[in-house]
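Each chain, written out:
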Amino acid sequence: LNTNLVVHNKTTGARLSVVGHDAFWASTGATGLFDPRTQYDPYQNRFLIAAVSNALTANSSIVVGVSDTSDPEGTYTLFRFIVGCGPGAGCGQGEWADFPMLGFNKKWIAVGVNQFTINSGAFVAGKMLVLDYPALRAGTSNANIFTNASSATGFCMHPATTFSASEETLFVPTHQVSSSALYRLHTITGTAAAPVFTVDATARTRPGGGWTQPSGDNL
């Protein structure tokens, strides 16, 4: 949740441990953590955690954690990447990151965010933080940030959770138009240390027709 990280026993549902986000991420210097994401990589046997912090400030950050073992209650190696900037020369109305979207494959951990202005809250760009996964496991942050300025191709870019030990490409499905069932399928290719982000130039249509936006108590 936005408040805590909690570990439960999967068989009994019993709560095993709980820690507040600010305490968990304290060593990174990030504060005001929100929108946490957690995944498990069954190939490297690691828990992957991401969140964003310091909303509406120049210190807006993406934080990423990798468990050192398969134990979710064990130690984690934590990283912080400042992606915000203050209003002024070269940064317009300022920028901050919202709504992190976490994915991985054997080469990379990737986090997509929507970047908004600090002053007006307008959408600026979709950004993708791509991290060398083998380097992260070794305790080193080799990071690349890619910017996709178009709202049609850059909003809510969500790297896939890749259930394959051999897949070379990290796919990035991206919402475009709900009513027309349009989406794009960007890709991350290359080596772990030198990723290449490729924007899908053509809108694709989901078979089965458009999505209906829910309202009220609909699920």
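Refer to the preceding data block for the structure.
Owing to the predicted nature of the structure, the values given are computational and were not obtained by experimental measurement.

Let us look at the state of the cysteines. Enumeration over the complete set of coordinates arrives at one disulfide. In this model Cys85 forms its disulfide with Cys91; the gap between the sulfur atoms is 1.6 Å. No disulfide involves Cys156; its sulfur sits 20 Å from the nearest other cysteine sulfur, which is in Cys85. Given the relative accessible area of 19%, Cys156 is considered buried.

Further remarks concern the nonpolar core. If you look at the biggest cluster of nonpolar residues, it comprises 23 residues, and the most contacted ones within it are Leu48, Ile62, Val64, Ile109 and Val111. Elements with a contribution of two residues or more to this core: strand S4 (46-53), strand S5 (61-67), strand S6 (76-82), strand S7 (95-104), strand S8 (108-117), strand S9 (123-132) and helix H2 (133-137). Filtering out sequence-adjacent residues up to four positions away, Val64 remains in contact with Trp25, Ile49, Ala50, Thr77, Leu78, Phe79, Phe81, Ile109, Val111, Leu129 and Leu131.

With that settled, consider the side chain of His21. Along the chain, His21 turns up in helix H1 (residues 21-24). According to the relative accessible area criterion, His21 is buried, its value standing at 3%. Of note is the side chain of His21, whose polar atom sits 3.5 Å from the backbone oxygen of Asn4. When residues no more than four places from it in sequence are discounted, the contact partners of His21 are Leu1, Asn2, Thr3, Asn4, Leu5, Leu33 and Pro36.

One non-glycine residue, Asn45, adopts positive backbone phi at about 55°. Examined against the element boundaries, Asn45 turns out to sit in the loop between strand S3 (34-41) and S4. Accessibility expressed as a relative area gives 36% for Asn45, which makes it partly exposed. Backbone geometry at Ala181 places phi at a positive 60°, although glycine is not the residue there. Looking at the secondary structure, you find Ala181 in the loop between strand S11 (170-177) and strand S12 (182-190). Owing to a relative accessible area of 0%, Ala181 belongs among the buried residues under this scheme.

Strand order across the open sheet formed by four strands is S3-S4-S5-S6, with antiparallel pairing between neighbours. For this open sheet the edge positions go to S3 and S6, each flanked by a neighbour on one side alone. Each neighbouring strand pair of the sheet contributes to a mean axis angle of 15°, computed without reference to strand direction. Sheet topology places S5 next to S6; seven bridges connect them, and they run antiparallel. From the neighbouring strand, Ser61 faces S6, where its bridge partner is Ile82.

Assignment of secondary structure puts Thr31 in the loop between H1 and S3. Residue class for Thr31 comes out partly exposed when judged on its relative accessible area of 42%. Distance in space between the C-alpha atoms of Thr31 and His21 is 8.4 Å, their sequence separation being 10 residues. Once you skip the residues sitting within four places of it in the chain, Thr31 turns out to touch Asp22, Ser53 and Asn54.

Here Ser60 is to be found in the loop between S4 and S5. Engagement of the side chain of Ser60 in a polar contact is seen with the backbone nitrogen of Ala97, the distance being 2.8 Å. Setting aside its immediate chain neighbours within four residues, Ser60 contacts Ser53, Asn54, Phe81, Ile82, Val83, Gly84, Glu95, Trp96 and Ala97.

Bringing the packing of aromatic side chains into the picture now. Under the counting rule described, the total for this entry stands at eight aromatic pairs. Measuring from centroid to centroid gives 5.1 Å for Phe24 and Trp25, while their planes differ by 80°, and the two rings are edge-to-face. Note on accessibility: Phe24 and Trp25 belong to one class, buried. One aromatic cluster is present, formed by Trp96, Phe116, Phe123 and Phe155 through successive ring pairs. Here the basic side chain of Arg37 rests over the ring of Phe99, its NZ or CZ set 4.8 Å away from the ring centre. Lying over the aromatic face of Tyr133, Arg137 brings its terminal NZ or CZ to 4.4 Å of the ring centre.

Each value, and the rule that gives it
Residues numbered from 1 in each chain as written. Predicted model: local features only at pLDDT ≥ 70, side-chain atom pairs only at ≥ 80, totals over all residues. Heavy atoms only, no water. Disulfide = S-S within 2.5 Å. Buried < 20%, exposed > 50% of the residue type's maximum accessible area, 1.4 Å probe, protein only. Core = buried A, V, L, I, M, F, W, Y, C linked by side-chain atoms within 4.5 Å. Helix = DSSP H or I, 4+ residues; strand = E, 2+ residues; numbered from the N terminus. Contact = heavy atoms within 4.5 Å. Polar contact = N/O pair within 3.5 Å; in protein donor to acceptor, adjacent residues only side chain to side chain. Pairing = 2+ DSSP bridges. Axes fitted to C-alpha atoms, helices over the stretch in contact; angles between N-to-C directions. Phe/Tyr/Trp six-rings, centres within 6.5 Å; stacked < 30°, edge-to-face > 60°. Lys NZ or Arg CZ within 6 Å of the ring centre and 35° of its normal.

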